[in-house]
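Now for the letters of each chain:
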Amino acid sequence: MTEDTAARMKELDKKEEMMREGKVVKIEPMPRPVVPLPLPSGILKSEMTREDRLKIAARIVHLSDGVLEQRENGGYIALKIGSGPNSNAVRVGKRSDRVSFFIRSTDLRKKAEEEKFTPEPLEPTTAANKDKFRFWGLSLGDIEAHEALFREIVKESVSVVMDRRPRRN
């Protein structure tokens, strides 16, 4: 028992004694730390299986009309246009529950927010992160329920990557 708890218990003993004597006493509950209840296994979106992430990636490839191709890297699933630098249009987090897209259009970001998504901008630590946004907790069901929105986002992401790639003559 800590000193604070011991002092509090001593104070409660005094109040109990006063109540026995018929005196009016104000009693306050002991403060308890608020600890969130643990969620059952499988509820957390960060516990998505590899198959779930692959399904999300495949659905995004489908929304791109086959422009993107799927490649698994060590820490994520890359949806790329060709190969080389500046070819990742979308990233599906392998060890977490996030999907990253490039979105230049503020109207498209607002549209995503109106549909209750919260695209979070990445820190612009490199030029590659400019206009890149994370969607935390994105599921296959979210993509299917808002197919038109995500088709537009994928199209925008492909467009941004194509604009950044070096032009070949």
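A brief report on the enclosed structure follows.

Here is what the cut-offs are and how they apply
Residues numbered from 1 in each chain as written. Predicted model: local features only at pLDDT ≥ 70, side-chain atom pairs only at ≥ 80, totals over all residues. Heavy atoms only, no water. Axes fitted to C-alpha atoms, helices over the stretch in contact; angles between N-to-C directions. Helix = DSSP H or I, 4+ residues; strand = E, 2+ residues; numbered from the N terminus. Parallel < 35°, antiparallel > 145°, perpendicular 65-115°, else oblique. Left-handed = near helix turned anticlockwise from the far one by under 90°. Contact = heavy atoms within 4.5 Å. Core = buried A, V, L, I, M, F, W, Y, C linked by side-chain atoms within 4.5 Å. Buried < 20%, exposed > 50% of the residue type's maximum accessible area, 1.4 Å probe, protein only. Expected span 1.5 Å × (residues − 1). Pairing = 2+ DSSP bridges.

With that out of the way, let us pick up the packing of helix H3 (residues 106-114) against helix H5 (residues 147-164). At their nearest, the axes of H3 and H5 sit 11 Å apart, and the two run at 150 degrees to each other. Classified by the angle between their axes, H3 and H5 sit roughly antiparallel to one another. The handedness of the crossing between H3 and H5 comes out as left-handed. Packed against H3, whose contacting residues are Leu108, Lys111 and Ala112, the element H5 presents Leu149, Glu152, Ile153 and Glu156 at the interface.

Core analysis: the biggest nonpolar cluster contains 32 residues, and Ile60, Leu68, Leu79, Phe101, Phe135 and Phe150 have the highest contact counts within it. At the level of secondary structure, the elements contributing two or more residues to this core comprise helix H2 (50-63), strand S2 (76-80), strand S3 (88-93), strand S4 (98-102), H3, strand S6 (132-136) and H5. In terms of residues, this core owes the most to one element, H5, which gives 7 residues. Contacts of phenylalanine 101, omitting those with residues within four sequence positions, involve Ile60, Ala89, Val90, Asp131, Lys132, Phe133, Phe135, Leu138, Phe150, Ile153, Val154 and Ser157.

Attention now moves to the packing of H2 against H5. H5 packs onto H2 with a crossing angle of 75 degrees between their chain directions and a minimal axis gap of 9 Å. By the angle class used here, H2 and H5 are roughly perpendicular. Between H2 and H5, the contacting residues are Arg59, Ile60, His62 and Leu63 on the first element and Glu147, Phe150, Arg151 and Val154 on the second.

Turning our attention to H5. Along its 18 residues, H5 runs 26 Å from first to last C-alpha, staying within 8% of the 26 Å computed at 1.5 Å per residue. By the burial criterion, the buried members of H5 are Leu149, Phe150, Ile153, Val154, Glu156, Ser157, Val158, Val160 and Val161. The elements touched by buried residues of H5 are H2, S3, S4, H3, S6 and helix H4 (140-145).

Inspection of the secondary structure assignment puts arginine 59 in helix H2. Every residue in contact with arginine 59, bar those within four places of it in the chain, is listed here: Leu140, Ile143, Glu144 and Glu147.

With that out of the way, let us pick up H2. Taking 1.5 Å of rise per residue, 14 residues should cover 20 Å, and H2 covers 20 Å from first to last C-alpha, within 8% of that figure. When we look at burial in H2, the residues that qualify are Arg53, Leu54, Ile56, Ala57, Arg59, Ile60, Val61 and Leu63. Where H2 is buried, its residues meet strand S1 (69-72), S2, S3, S4, H4 and H5. In the segment just after H2, aspartate 65 is the residue with positive phi, at about 60 degrees.

Here the focus is the pairing of S3. Within S3, 5 of the 6 residues are buried, which leaves the element mostly enclosed by the surrounding structure. As judged from the 5 bridges shared by S2 and S3, these two strands associate in the antiparallel manner. Looking at the pairing, isoleucine 77 lines up with valine 92 of S3. Relative to S4, S3 runs antiparallel, the two sharing 3 bridges. When the bridges of S4 are listed, valine 90 appears paired with phenylalanine 101.

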